[in-house]
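So you can see what is in the structure, the chains are spelled out below.
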Amino acid sequence: MTAVLEQLLNGAQFGVMLFLMAAGLTLIFGIMNLINLAHGSLYMAGAYVAAATFAAFGSFLLALLAALAAAVALGAAIEIVVFRTLYDREHLDQVLATFGLILFFNELVRMIWGATALYMQVPAFLAGHVELLSGSPYPTYRLAVIGAGLAVALLLHLLIARTRIGMLIRAGASNRAMVDALGVNVTLLYTLVFALGAALAAFAGAMAGPIFTVESGMGESVLILAFVVIVIGGIGSLRGAFVAALLVGIVDAMGRAFLRPLLASFMSHAAADNAGPALASMLIYILMAAILLIRPQGLFPPRGR
Amino acid sequence: MAEALLETRDLCKSFGGLVVTDAVSLLVAPGEIHAIIGPNGAGKTTLIAELAGELKPDSGSIRFAGADITRLAMARRAALGIARSFQITSIFREFSVLDNVAMAVQAHAGHSFRFWRSARRDARLRDPARQVLAQVGLAERAESRAAALSHGEKRALEIAMVLATRPRLLLLDEPMAGMGPQDAAGMVRLLAALKRQVTMVLVEHDMDAVFALADRITVMVYGRIIASGTPDAIRGDAEVRRAYLGEAAA
Amino acid sequence: MSVARRSLVIGVSLAALAITPAIALAAGEPFYVTLLTRIMIFAIAALSLDLILGYGGMVSFGHAAYLGIGAYAVGILAFYGITSGPLQFAVAILASAAAAAMIGAVSLRTSGVYFIMITLAFAQMLYFLAESLNIYGGDDGLNIAQPSDFGRLVDLGDPPTLYYVVLAVLLVLLLLSRQLINSRFGLLVQGVKSNERRMAALGFPTFRYKLVAFILSGTICGLAGALFANLTLFCSPSIMHWTRSGEIMMMVILGGMGSLFGPVLGAALYLLLETVLSGATEHWQAILGPLLVLVVLFSRSGFFGMLIGERTARGRADG
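To start, this report covers the structure provided alongside it. Small disclaimer: the values here were computed from a predicted structure and weren't measured.

Thresholds, definitions, all that
Residues numbered from 1 in each chain as written. Chains lettered and ligands numbered in written order. Predicted model: local features only at pLDDT ≥ 70, side-chain atom pairs only at ≥ 80, totals over all residues. Contact = placed C-beta atoms within 7 Å. Helix = DSSP H or I, 4+ residues; strand = E, 2+ residues; numbered from the N terminus. Nonpolar A, V, L, I, M, F, W, Y, C, P; charged D, E, K, R; others polar. Pairing = 2+ DSSP bridges. Axes fitted to C-alpha atoms, helices over the stretch in contact; angles between N-to-C directions. Buried ≥ 20, exposed ≤ 12 C-beta atoms within 10 Å, placed from the backbone. Parallel < 35°, antiparallel > 145°, perpendicular 65-115°, else oblique. Left-handed = near helix turned anticlockwise from the far one by under 90°.

## Concerning the interface of chain C and chain A
Each side of the interface is counted separately: chain C has 37 residues, and chain A has 37 residues. Of all the secondary structure elements, the ones that give two or more residues to the side of chain C that touches chain A are helix 5 (112–132), helix 9 (242–255) and helix 11 (285–298) of chain C. Top element by residues in the side of chain C that touches chain A is helix 5 of chain C. It accounts for 14 residues. Counted by class, the side of chain C that touches chain A contains 27 nonpolar, nine polar and one charged residues.

## Some words on the sheet that holds strand 5 (residues 67–68) of chain B
Residue and element names in this part refer to chain B. The strand order 2-1-4-5 describes an open sheet built from four strands, whose pairing is antiparallel. The strands lining the two open edges of the sheet, one partner per strand, are strand 2 (18–28) and strand 5. Each of strand 1 (6–15), strand 2 and strand 4 (59–64) is contacted by helix 1 (residues 44–52), which is oriented at about 60 degrees to strand 2, the strand it contacts most.

## With respect to the interface of chain C and chain B
On the side of chain B, 27 residues touch chain C, which itself brings 21 residues to the contact. If you list the elements that add at least two residues to the side of chain C that touches chain B, you get helix 6 (159–182) and helix 7 (184–202) of chain C. Tallying contributions element by element places helix 7 of chain C first for the side of chain C that touches chain B, with twelve residues. Counted by class, the side of chain C that touches chain B contains eleven nonpolar, seven polar and three charged residues.

## Things to note about the pairing of strand 3 (residues 33–37) of chain B
All names here are of chain B. Burial runs high along strand 3: five of the five residues are buried. The alternating pattern of strand 3 places I33, A35 and I37 and H34 and I36 on opposite faces, both of which are buried. As judged from the four bridges shared by strand 3 and strand 8 (residues 199–203), these two strands associate in the parallel manner. Bridge pairing links I33 to M200 in strand 8. Bridge count for strand 3 against strand 9 (residues 216–221) is four bridges, and the pairing is parallel. Residue pairing in the sheet places I37 in a bridge with V219 of strand 9.

## Examining the packing of helix 4 (residues 91–113) of chain A against helix 11 of chain C
Their axes nearest at 7 Å, the elements helix 4 of chain A and helix 11 of chain C cross at an angle of 160 degrees. Comparing their axes, helix 11 of chain C and helix 4 of chain A come out roughly antiparallel. The handedness of the crossing between helix 4 of chain A and helix 11 of chain C comes out as left-handed. Seen from helix 4 of chain A, the contacting residues are A:D93, A:L96, A:A97, A:G100, A:L101, A:L103, A:F104, A:N106, A:E107, A:L108 and A:M111; seen from helix 11 of chain C, they are C:Q285, C:A286, C:L288, C:G289, C:P290, C:L292, C:V293, C:V296 and C:L297. In terms of residue class, the contact of helix 4 of chain A with helix 11 of chain C is made up of 14 nonpolar, four polar and two charged.

This is a description of form; function is not addressed.
Here it is as C-alpha cells:
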C-alpha cells in the first residue's frame, strides 16, 4: 500500500507541475487564440535562473523571485517582438515561428551556461522526509511542490472566478471583439494574460529544478505533455486542465512503477523488462487517444465559440 | 395536394436558456417555392441549419420524401438531394469559377477515389458545370478566380454550385443578401426560371423578391411560426403586419 | 509566364542533381554525394508532408514518426538477420501505413490546434517507445550491419548507386504526386483545405478522404525512412524526435507550401544552411532559429515561389 501511496503522491506532484504549464497555455490559447510552443522555453528559463540564483546566493526565495522576474521579462520581450505579428496569423505560422524561438532559446542557454546540466539542490528548509503513514517517509520537498501547486491552482480559480480581471479574461475568452468594443484595453489584457502564463511556467520550472535535470531542451517534453493535458481537459478550461493534469500525472507514475511487475506476473522477466517501460511510456498517449475517441473536444469542452 | 416533400413536426432547439426553434411544424409541397420571412433573430438561419443537418434539433422530426432524416448527417442529406446555399457566401475562393461548379458536380458523380486521371479534363465533370454556369449567366467568367468575382457574381456562383448537385430541395439562405437592385433582379429571374423544376425553401428579407417568387410564405418570430399561407393571405394578416411587415407592404 | 519559368527551375534543379555524383567523385569529394542523398531523402519526406499540409491544410506536426518507423523497420529486421530488401521495404511501407491509419483515425476527428497538438503527441509517443525498447538499442540507437539486399538489381551499399536510386524514387514520386493533385481525389483534398464546410454541404464525406490522404502521406514518409536507414546504416529514436518533425515542416514552408517542387528546394535549402552554419559556429541553432522566425513572419510563397516569380499567398489551387 505504501508503494501505491508513494506513486499517487509522485503522480500528484508531476500533475500539479503539468497543471501550471497547462494552465498558462490554455489561458493564452483561450484568450489570444495563440498556440505558443515556446512556453516550454519559459519553463526552462525559470529553471535555469532559479538554479543559477540559488547556487550564487543560497536563497530559495530569491531564486523563485528571480525566476518569476526573468520569465515575465522574457515573456514580455517575446510578446512584443514576435507575438504581436502572430495574433492574426494562422496557427501554422504560430507553430513554426515559436518553433524557431525554441531552437534559439535552447541554444542560448547552452551558450550562457554550457551544455552540461545544472544542478540545483533541494533547499535546506525543505530537505528531509515526512512520515505520512508510520514507516513510509516521503520527501518533504515533493510534498511542498504539491502544496504550492494546489495553492496556485486555488489562487488562479479565485482570480478567474471572483475578480474583475478574471471576469475580463473569461469574457475575452468567449468574445474578444465584444470586450474590445466595450472599451477594455485588449492589448493590456493580452500582455497581462501572457505575463501570468509566463509566471506560472517559470514557477513550475523553478520548482522542477531540484527534481528534474536542468538542461537545454527540458521544456519540450513537459510542453508536449501539457498539450496532452489540454487536449484531454478541453482547450480554454482551467478546471479541465486541473483534472486532466492530475489524471495524466497519476496514470504516468502508476504506469512506470507498476506495469513492469504487473506484466512480469504472467510474462517472462526479460519480456516484461522491455514491454513494461515501453507500455508505460505510451500509456498517457493511449489514454489521450481513448478519451478523444469518445469526446473529441475533451472532458470540459469550451462552450460556444 | 401531393405528399409534402419536406415536413417538420414540432421541431425544437434551444441554446442554453434561449429557445431558437419553438415547435416548428412546416410543410413544403414538391415544386413550390416556400419562403420563410421574419425579423432578425427569428431563428430562420438556425432552421435552415437544422434542415440541412448542420445542427441537430433537441426534439421533433424532419421528414424528406417520406423518410425520416432527423438524425441523418449533412453529407448524407446532400446525397439525398438536399442542397444548401449559405447566408455568407461559401465558395472555394482560390479555385476558378468552373472548378467551383465542377466540384459540386463531382460530389454527386460517384466516389472520388480516383488518383490518376486529371479531373480538370474530365468532360463528365466539366460539361455539366459549364451548362449550369450558362444557366446562371456566369459562362464568360468560367476561368476567373472565384475570389475576383463581384459580390453579386459570387452569390450567383453559390447558386450555380447548389444547382450543379441536381437537388430535389434547395435551402436558400438569403440569396439576395448584400445585392444591389440590378443583381437582385437578376437573381429573382434566375430563381423564377427554376420554378417547378426544383422545390425551394427560401429565407429572405427582400420583400419584393419574396412576393414575386413565393407560392407560400411562412412567418417566424422568436423561433415560432405565427402565420403560414399564400402571399395574399400573409399580406393581409394583421398579426404579421404588426410583427414584421409594417404598413408599407400592404 | 509562370509555367515556363517553373519548368526551367525544375529542369535545372533536376539536371544538377543528375550530374552531381559524377562531378563530386571526379573532384574527390564523396561527401557531397552523401549530403545530396540526405537532402533528397528529406525532400521525399517534405514532399509527403506537403501533400497533406500544402494541399490539404492538415498541419501534421508528427511526420518524423513515419520516418522513424520506416528506418526502424529496416533496422529491426536486419537485427534479426532478415536482410532482404524487398521484404524490409515492404514492411517499412506497411508499418507506416498502419501507423498513419491508426493515428489519423483518432487525430482527424479533431481539427485546428487540437489536430496539431495530437499529431505532435503521437509522434512523441513513438519516440518514447523507441527509447524504451532496450533490445533495439534504446536511446543509443541500433547499428545496421548491412544495407537492404536487392541482389543483383542494385547495390545500396555503393553511395552513387544509392544516390541514383533515391533520385529515381524522388522523380517517380514527383510525377505521381502531380497526377494525384490534379485528380478527383487531389481536387477534393484541396477543396477540403479551401472550405471544408462547403465540401460537406455539397455531400462529400470528408473524413474518409482526409484519412486516405493522411495514410498516403505517412506511407511515403515511411519509404523515405527506409532509404534513410540505408544511407546512415543506423537508426535511433532521434530520427523521430519532434524537432525533426518541425524541421520537415520548415522545409516545406521554406521551399514553398502547396507546390510539390517547393519542398524539394526547401529540403536542400534547410540542410545546406544547416551544414554551412554548423561549420561556421557550434551555436548555429541560435542563428537558424531567428532566421526561421523571420521567414515565417515575412515570407509569402517560399523560395520556389520567389524563383518562379509568384507573389500570391502560399499555395495555388491549379498547381
